[in-house]
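Letter by letter, the chains look like this.
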Amino acid sequence: MIKIAKSLLRILLVLGTIILLLWLTIARPTLTKSTTEETLAAINPEDLKRRVIFLSQDAIPRDSEHPENLNLAADYIKTGFEQFSSSVDYQTYSVASTEFKNVIAEFGPDTREVIVIGAHYDAYGEHPAADDNASGVAGLIELGKLLQGANLKHKVQLVAYTLEEPPYFDSEFMGSFVHAASLRKNNLNVKLMISLEMIGYFSEQPNSQSFPIPLLNLFYPNRGNFIAIVDQLWANQAAPLKAAINKYTDLDAYSINAPSQVTGIDFSDHRNYWFHGYPAVMVTDTSFYRNKHYHHAEDTHEKLDYQRIARVVYGVFKHIQTLDNE
């Protein structure tokens with residue numbers, strides 16, 4: 001019996017060690033967390049809501065089959081960017097004889113090393129797509145408000161992408177692929193790319209959060225009340241951004257480092273910067289692992305939490321400031 005007990009103890013120790021190593025590798029925990037709340041007066045949640053409502057009600061359907069509505073959305077984003085930047089332009093390209101547009105706003109000096117923050121403005125089919133991804137675009141525009149007054153050492157580009165959704169997902173016609181390829185062609189170095197992909201849906205209900213692998217339940221909350229930062233398995237870009245959100249806001253942030261084989265890890269525009277050899281992360285409410293209205297008509301503006309979106313944007317801004325000074 002003693003030998004059996006010792007064997008069981010060894011097995012438990014080995015399993016415990018494996019779980020600990022997985023936790024340290026995948027979740028990259030922040031061992032100390034500050035709940036310091038700096039002022040969010042610069043970001044008005046009502047402005048975020050107003051932008052989401054326009055995109056999800058007045059510019060639909062905004063898919064590849066309705067380029068006139070994509071143009072309406074692009075013009076709206078460009079006007080929003082122009083409130084905060086004097087350098088705003090379209091990046092146009094053609095697919096099957098139809099012209100599509102990325103919208104790019106630049107801040108800071110003209111350096112060869114750039115920081116890119118992006119969000120796609122197209123939608124899946126005829127759905128309103130408030131969370132996916134009007135929330136990310138609204139956050140992107142409001143981020144411009146904060147960057148306008150920042151003393152930057154590097155060029156920062158805010159990019160609103162077209163054609164992220166099917167049928168062009170995972171193709172060279174994605175707006176983010178076109179943009180990343182243009183950076184590589186011009187020999188620009190990307191310090192970091194941040195993809196804002198669905199940042200508005202939160203829930204305090206128990207078991208409102210699911211995961212692609214059951215084991216992850218050991219590492220993350222079962223309530224969908226946090227923001228997630230997604231990175232490649234052996235990269236180290238997510239943890240500092242997570243730390244910034246945790247330090248400067250009262251919104252909990254968690255990170256995950258995992259291979260693309262895990263479903264959802266590369267399901268947004270950051271994938272195309274990885275493809276071109278650039279560091280990139282995705283900031284997300286975890287999409288269909290939490291928001292069951294994903295790619296449905298029920299993905300509407302009143303279901304989003306604009307106070308928390310404001311905190312996501314502010315945390316991203318504080319991380320950009322830190323990154324810019326490195």
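Details of the structure are given in the entry above.
Residues numbered from 1 in each chain as written. Predicted model: local features only at pLDDT ≥ 70, side-chain atom pairs only at ≥ 80, totals over all residues. Heavy atoms only, no water.

Colleague: I tried to follow the overall build of the protein chain on my own but got confused; where do I start?
Modeller: Each helix and strand counted, the protein chain has 8 helices and 8 strands in total. By residue count, 57% of the 326 residues in the protein chain fall in the buried class. Accessible surface, the protein chain: about 14,100 Å² in total, of which carbon and sulfur atoms supply 55%. (Helix = DSSP H or I, 4+ residues; strand = E, 2+ residues; numbered from the N terminus. Buried < 20%, exposed > 50% of the residue type's maximum accessible area, 1.4 Å probe, protein only. Areas by Shrake-Rupley, 256 points an atom, 1.4 Å probe, with all protein chains shown as cover.)

Colleague: What is the right way to read the sheet that holds strand β6 (residues 227–231) from this model?
Modeller: Across a sheet, strands are paired by hydrogen bonds formed along the backbone, either parallel or antiparallel in direction. Sheet architecture is open: 8 strands sit in the order β1-β2-β4-β3-β5-β8-β6-β7, paired in mixed fashion. Where the open sheet ends on each side, the last strands, each with one partner, are β1 (87–95) and β7 (253–257). Pairwise comparison of adjacent strand axes, ignoring direction, gives a mean angle of 20° for this sheet. Alignment of strand β5 (residues 189–197) against strand β8 (residues 280–284), held across 5 bridges, turns out to be parallel. Considered in β8, the bridge of E197 is made with T284. Across the sheet, helix α3 (residues 67–82) touches β1, β2 (98–107) and β4 (155–161), and the angle it forms with β2 is around 10°. Seen against the sheet, helix α6 (residues 238–248) touches β5, β6, β7 and β8 and runs at an angle of roughly 175° to β7. (Pairing = 2+ DSSP bridges. Axes fitted to C-alpha atoms, helices over the stretch in contact; angles between N-to-C directions. Contact = heavy atoms within 4.5 Å.)

Colleague: How should I be thinking about the layout of surface pockets in this particular structure?
Modeller: Approximately 440 Å³ is the volume attributed to the largest pocket. Looking at the largest pocket, it is lined by 33 residues, and the ones nearest its centre are G264, M282, T286, S287 and Y289. Mapped onto the lining of the largest pocket, the elements with two or more residues apiece are β6, β7 and β8. Class assignment of the residues belonging to the lining of the largest pocket gives a composition of 19 nonpolar, 10 polar and 4 charged. (1 Å grid on protein atoms, 1.4 Å probe; cavity = no way out; pocket = protein on both sides within 12 Å on 5 of 7 lines; lining within 4 Å. Points joined across faces, edges and corners; volume = space filled by probe spheres on them. Nonpolar A, V, L, I, M, F, W, Y, C, P; charged D, E, K, R; others polar.)

Colleague: So what exactly am I meant to see when it comes to empty space enclosed by the protein here?
Modeller: Any space left empty among the atoms is revealed by the rolling of a water-sized probe across them. Inspection of every chain in the model, using the stated rule, returns 1 cavity of 30 Å³ or more. What the largest cavity holds in volume is close to 30 Å³. Looking at the lining of the largest cavity residue by residue, the classes come out as 3 nonpolar, 1 polar and 3 charged.

Colleague: Explain the packing of helix α2 (residues 45–58) against helix α8 (residues 306–324) here, please?
Modeller: Each pair of packed helices gets described by two things: the angle between the helix axes and the distance between those axes. Close contact between α2 and α8 brings their axes to 8 Å; oriented N to C, the two are set at 105°. The orientation of α2 with respect to α8, classified from their angle, is roughly perpendicular. Here α2 contributes P45, L48, K49 and V52 to the contact with α8, which in turn contributes Y306, Q307, I309 and A310. Looking at the contact of α2 with α8, its residues break down into 6 nonpolar, 1 polar and 1 charged. (Parallel < 35°, antiparallel > 145°, perpendicular 65-115°, else oblique.)

Colleague: So what exactly am I meant to see when it comes to a nonpolar patch on the surface here?
Modeller: Residues I213, L215 and L218 make up a contiguous nonpolar surface patch of about 250 Å² in total accessible area. Structurally, L218 is set in the loop between β5 and β6. (Patch = residues over 30% accessible without salt bridge, like charges linked within 9 Å, V, L, I, M, F, W, Y side chains within 5 Å. Salt bridge = Lys/Arg side-chain N within 4 Å of Asp/Glu carboxyl O.)

Colleague: I'm lost on the environment of G118 in this one. Help?
Modeller: The topology assignment puts G118 in strand β3 (residues 113–120). Note: C-alpha distance between G118 and L140 (22 residues apart in sequence) is 7.0 Å. Excluding its chain neighbours within four sequence positions, the residues that come into contact with G118 are L140, V159, Y161, M193, I194, S195 and L196.

Colleague: In this structure, what is going on with the nonpolar core? I would like to understand it.
Modeller: Proteins that are soluble and globular tend to have nonpolar side chains buried together. Counting residues in each nonpolar core, the largest one holds 68 residues, and the members touching the most others are I117 and L158. L183, I265, Y273 and W274 belong to the second largest nonpolar core, which has 24 residues in total. (Core = buried A, V, L, I, M, F, W, Y, C linked by side-chain atoms within 4.5 Å.)

Colleague: Can you walk me through unusual backbone geometry in this structure?
Modeller: Phi is mostly negative for residues that are not glycine, and the peptide bonds are mostly trans. With an omega of -5°, the peptide bond between I60 and P61 qualifies as cis. Look at the link from D132 to N133: it is a cis peptide, with omega at 10°. One non-glycine residue, T286, adopts positive backbone phi at about 80°. Locating T286 in the fold gives a position in the loop between β8 and α8. A positive phi is found at S287, a non-glycine position, where the angle reads about 55°. Take S287: it is sitting in the loop between β8 and α8. Residue S287 is classed as buried on the basis of its relative accessible area of 11%.

Colleague: Please explain the environment of S171 as it appears in this structure.
Modeller: The topology assignment puts S171 in the loop between β4 and α5 (175–185). Taking the C-alpha atoms as reference, S171 lies 9.2 Å from N272; in sequence the two are 101 residues apart. A distance of 2.6 Å separates a polar side-chain atom of S171 from the backbone oxygen of Y168. (Polar contact = N/O pair within 3.5 Å; in protein donor to acceptor, adjacent residues only side chain to side chain.)

Geometry only, nothing functional implied.
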